[in-house]
Amino acid sequence: MSIWWSLHLRREAASVPLARRLLLGTMETAGVDPDISYDLSVALSEACANAVEHAGGASPGGGYQVTAHIEGDRCRIEVTDSGPGFPLGRIRRTVRPLNRRSHQSEHGRGLFLIESLVDHVHFHNRPGHGAVVSFDKVLKWREDSLLKAS
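Residues numbered from 1 in each chain as written. Predicted model: local features only at pLDDT ≥ 70, side-chain atom pairs only at ≥ 80, totals over all residues. Heavy atoms only, no water.

By the naming in an unreviewed UniProt entry, the protein is ATP-binding protein, taken from Streptomyces silvisoli.

In structure tokens:
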């Protein structure tokens, strides 16, 4: 069995917890281990927050899209915005050592956190159409799960 959903959200801060709650509810219903669900929900929150904050080149009130897909023992999530995209240096090297003394260390933590929480992540631009953050994680199931991959 597979589960798939897609959201079209406004670029507003209130959309971030909405996406997170929907993901957590889906994971709970499917029977995914709570620790895995939590990791995915934090990664999703960071990706959504980036779309809200950094897709500033998008039209006022513009939006972004979240798609989640559970297939077998894997969950894949994609967050797509319509902003200016990632700076080229950010795509080539997404993980930087964090220097807490530097003001610049405040930027890029979200991407570093996403990479730390999931099994695979890919950041890319759609030239003229925005940025895409896609990531996946192998799922673990609760013992009472009805959807447990066999």
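Caption draft 1: Quick look at the sheet that holds strand β5 (residues 130-138). Sheet architecture is open: five strands sit in the order β1-β2-β3-β5-β4, paired in antiparallel fashion. Sheet topology places β1 (2-10) and β4 (120-126) at the edges, where each strand pairs with a single neighbour. Strand-to-strand, the axes of this sheet are offset by a mean angle of 10°, without reference to chain direction. Two elements, β1 and strand β2 (residues 63-71), share nine bridges in a ladder whose sense is antiparallel. Pairing of Ser-6 across the sheet is with Thr-67, part of β2. (Pairing = 2+ DSSP bridges. Helix = DSSP H or I, 4+ residues; strand = E, 2+ residues; numbered from the N terminus. Axes fitted to C-alpha atoms, helices over the stretch in contact; angles between N-to-C directions.)

Caption draft 2: Helix α1 (residues 15-30), seen in detail. Its 16 residues place the ends of α1 23 Å apart at the C-alpha level, agreeing with the 22 Å of an ideal helix rising 1.5 Å per residue. Three or more residues of α1 are buried, namely Ser-15, Val-16, Ala-19, Leu-23, Thr-26, Met-27 and Ala-30. Buried residues of α1, seen end-on, are gathered within an arc of 110° and therefore sit on one face of the element. Facing away from the buried surface of α1 by more than 90 degrees, the exposed residues are Arg-21, Glu-28 and Thr-29. Buried-residue contacts for α1 involve β1, α2 (34-54), β2 and β3 (74-81). (Expected span 1.5 Å × (residues − 1). Buried < 20%, exposed > 50% of the residue type's maximum accessible area, 1.4 Å probe, protein only. Arc of directions from axis to C-beta. Contact = heavy atoms within 4.5 Å.)

Caption draft 3: Local environment of the pairing of β3. The pairing of β2 with β3 spans eight bridges and is classified as antiparallel. What sits directly across from Gln-65, in β3, is Thr-80. Hairpin connection, β2 to β3: the antiparallel pair is bridged by two residues, and Gly-72 has positive phi, about 65°. In the sheet, β3 pairs with β5 via seven bridges, with the strands oriented antiparallel. Looking at the pairing, Val-79 lines up with Val-133 of β5.

Caption draft 4: Inspection of the packing of α1 against α2 at higher detail. Running from N to C, α1 and α2 point in directions that differ by 155°, and their axes come no closer than 9 Å. On the basis of the axis angle, α1 is roughly antiparallel to α2. In the packing of α1 onto α2, the handedness of the crossing is right-handed. In contact with Ser-15, Val-16, Ala-19, Arg-20, Leu-23, Leu-24 and Met-27 of α1, α2 contributes Ser-37, Tyr-38, Leu-40, Ser-41, Val-42, Leu-44, Ser-45, Cys-48, Ala-49 and Val-52. Residues of the contact of α1 with α2, tallied by class, amount to twelve nonpolar, four polar and one charged. (Parallel < 35°, antiparallel > 145°, perpendicular 65-115°, else oblique. Left-handed = near helix turned anticlockwise from the far one by under 90°. Nonpolar A, V, L, I, M, F, W, Y, C, P; charged D, E, K, R; others polar.)

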